[in-house]
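Residue strings, one per chain:
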Amino acid sequence: MDISFSAFIEGIVSSPILCITVLLTLGVIFVNGWTDAPNAIATCVTTRCMGVRNAILMSAAFNFLGVLVMTQINSSVASTISNMVDFGGNAHEALIALCAALLSIVVYSVGASYFGIPTSESHSLIAGLTGAAIAIQNGTAGINMAEWAKVIYGLVLSLVLGFVFGWVICKIVAVICGSMNRRKTNCFFSGAQVFGAAAMSFMHGAQDGQKFIGVLFLGLAFSNGQEDVSGITIPVWLMLLCSVIMAAGTSVGGEKIIKSVGMDMVKLKKYQGFSADLAATACLLISSLFGIPVSTTHTKTSAIMGVGAVKRLSAINLGVVKEMVLTWIFTFPGCGLISFAMAKLFIAIF
């Protein structure tokens, strides 16, 4: 299969379905960088370690590096997404179904926003791919349960492990620094939080960027008549394309999300913000190395709740926990059903 950049451009020009698939994927990547990436720098900004604009630009740069570097070191998350479903032996129908899956994310996100239902692009992507695979295969034969099981692990990791890591790291930091001069420790953690925000941004790119690299890779394979992407190496130009688009999305802003994550859940001090960043980064790194797709938003928010729980359990905002659960309850069946219906419709029309 020719996966050069020139072949990619030729494919877009000659195949309207591939063109739509690419545009939808890049659009979702841009929105992900805009809405999800600010979670990475929320604590750094709200504890006044960095200004909003500088933090956003730093996050954009490290999102770019996260996608580019981590995909070359370990592309298992992209592989998990690519191998999670089987769209069958008809490459043309598979590309149509993939297009339907991506469009379902847009439709579901707009509808969920209208009704006030919290969403996750990561979970919407997984649900959309699954719904389309069921539609094209007329059953669950199109679902790779071994890969799908990693999604379940991801739900546990993003909530439980993020919370536990946040609590443990914050507790250790509090014990070590408890007798130290407060002014000196604040000075240290101001710098440490910048490092933590950069690391968190890097891992956000590594996780979320890889998910959509996997989708674009599938689209390229289908447009070239390939049934799957087994044994094919992800090209560097594809990593660059996804990382640049995500970085561009991050640079747009996200001030409201920064305030919501960094202030509305728990009012953090500098050492707590560093602990939350370190905990979330560690959780994302473990998930990425094992090829487990997780929600970076849920990982960061659960880490913040773990940090807040060190002082008192009442610091945990149960409303945030409720939103996470609602996301899981509505997104998987909701986006999956929309994708199923759209895939059936598109295949019938095209």
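To be clear, the structure that these remarks concern was listed above.
This structure is a prediction, so every number in the text was calculated from the model and none was measured.

1. Structural notes on the overall build of the protein chain
- Secondary structure summary: the protein chain contains 14 helices and zero strands in total.
- The globule rule puts the C-alpha radius of gyration for 350 residues at 20 Å, and the 20 Å found for the protein chain is close to it.
- Projected onto its principal axes, the C-alpha coordinates of the protein chain cover approximately 65 × 40 × 35 Å.
- The 350 residues of the protein chain split such that 56% are buried.
- Put simply, of all contacts in the protein chain between residues at least 6 apart along the chain, 88% involve residues at least 24 apart.
- Surface accessibility of the protein chain: about 14,200 Å² in total, with carbon and sulfur atoms responsible for 68%.

2. Things to note about helix α13 (residues 296–311)
- Taking 1.5 Å of rise per residue, 16 residues should cover 22 Å, and α13 covers 24 Å from first to last C-alpha, within 8% of that figure.
- Within α13, 15 of the 16 residues are buried, which leaves it mostly tucked inside the rest of the structure.
- You can read the cap of α13 off the contacts: a side-chain oxygen lies 3.3 Å from the backbone nitrogen of histidine 298, and it is on serine 295.

3. Observations regarding the nonpolar core
- Core analysis: the biggest nonpolar cluster contains 60 residues, and Phe87, Leu125, Leu129, Ile213, Leu238 and Phe332 have the highest contact counts within it.
- The element that contributes the greatest number of residues to this core is helix α6 (residues 91–115), accounting for 12 residues.
- Those residues within four positions of leucine 238 in sequence are excluded, and the remaining contacts are Ile213, Leu216, Phe217 and Leu220.
- Counting 20 residues, the second-largest nonpolar core is a separate cluster that includes Ala40, Phe274, Ala280 and Ala303.

4. Concerning the environment of isoleucine 9
- For isoleucine 9, the location among the structural elements is in helix α1 (residues 5–14).
- Sequence separation of isoleucine 9 and cysteine 19 is 10 residues, and the distance between their C-alpha atoms is 9.2 Å.

5. Details of the side chain of threonine 25
- Locating threonine 25 in the fold gives a position in helix α2 (residues 16–35).
- Apart from residues lying up to four places away in sequence, threonine 25 is in contact with Leu102, Phe212, Val215 and Leu216.

6. Thoughts on the packing of aromatic side chains
- Taken as a whole and assessed by the stated rule, the structure comprises nine aromatic pairs.
- Taking 6.0 Å as the distance between ring centres and 35 degrees as the angle between the ring planes, the aromatic pair formed by phenylalanine 5 and phenylalanine 8 counts as tilted. Placement of both phenylalanine 5 and phenylalanine 8 in helix α1 is noted, with a separation of three residues, approximately one turn of the helix.
- Looking at phenylalanine 5, the relative accessible area reads 43%, which means it is partly exposed.

7. Remarks on helix α12 (residues 270–289)
- Its 20 residues place the ends of α12 29 Å apart at the C-alpha level, agreeing with the 28 Å of an ideal helix rising 1.5 Å per residue.
- Glycine 291 lies just past α12 and shows a positive phi near 70 degrees.

8. With respect to the state of the cysteines
- A complete count under the given rule lists zero disulfides for this structure.
- Unpaired in terms of disulfides, cysteine 177 finds its nearest cysteine sulfur in cysteine 170, a separation of 10 Å.
- Of all cysteine sulfurs in the structure, the one in cysteine 170 sits closest to cysteine 283, which takes part in no disulfide; the separation is 16 Å.
- Take cysteine 283: its relative accessible area is 0%, and that puts it in the buried class.

9. Examining the environment of isoleucine 329
- Tracing the backbone through its elements, the reader meets isoleucine 329 in helix α14 (residues 318–349).
- Residue class for isoleucine 329 comes out partly exposed when judged on its relative accessible area of 48%.
- Separated by 120 residues in the primary sequence, isoleucine 329 and glycine 209 have C-alpha atoms spaced 24 Å apart.

Conventions used here
- Residues numbered from 1 in each chain as written.
- Predicted model: local features only at pLDDT ≥ 70, side-chain atom pairs only at ≥ 80, totals over all residues.
- Heavy atoms only, no water.
- Helix = DSSP H or I, 4+ residues; strand = E, 2+ residues; numbered from the N terminus.
- Rg over C-alpha atoms; globule rule 2.2 N^0.38 Å.
- Buried < 20%, exposed > 50% of the residue type's maximum accessible area, 1.4 Å probe, protein only.
- Contact = heavy atoms within 4.5 Å.
- Areas by Shrake-Rupley, 256 points an atom, 1.4 Å probe, with all protein chains shown as cover.
- Expected span 1.5 Å × (residues − 1).
- Polar contact = N/O pair within 3.5 Å; in protein donor to acceptor, adjacent residues only side chain to side chain.
- Core = buried A, V, L, I, M, F, W, Y, C linked by side-chain atoms within 4.5 Å.
- Phe/Tyr/Trp six-rings, centres within 6.5 Å; stacked < 30°, edge-to-face > 60°.
- Disulfide = S-S within 2.5 Å.

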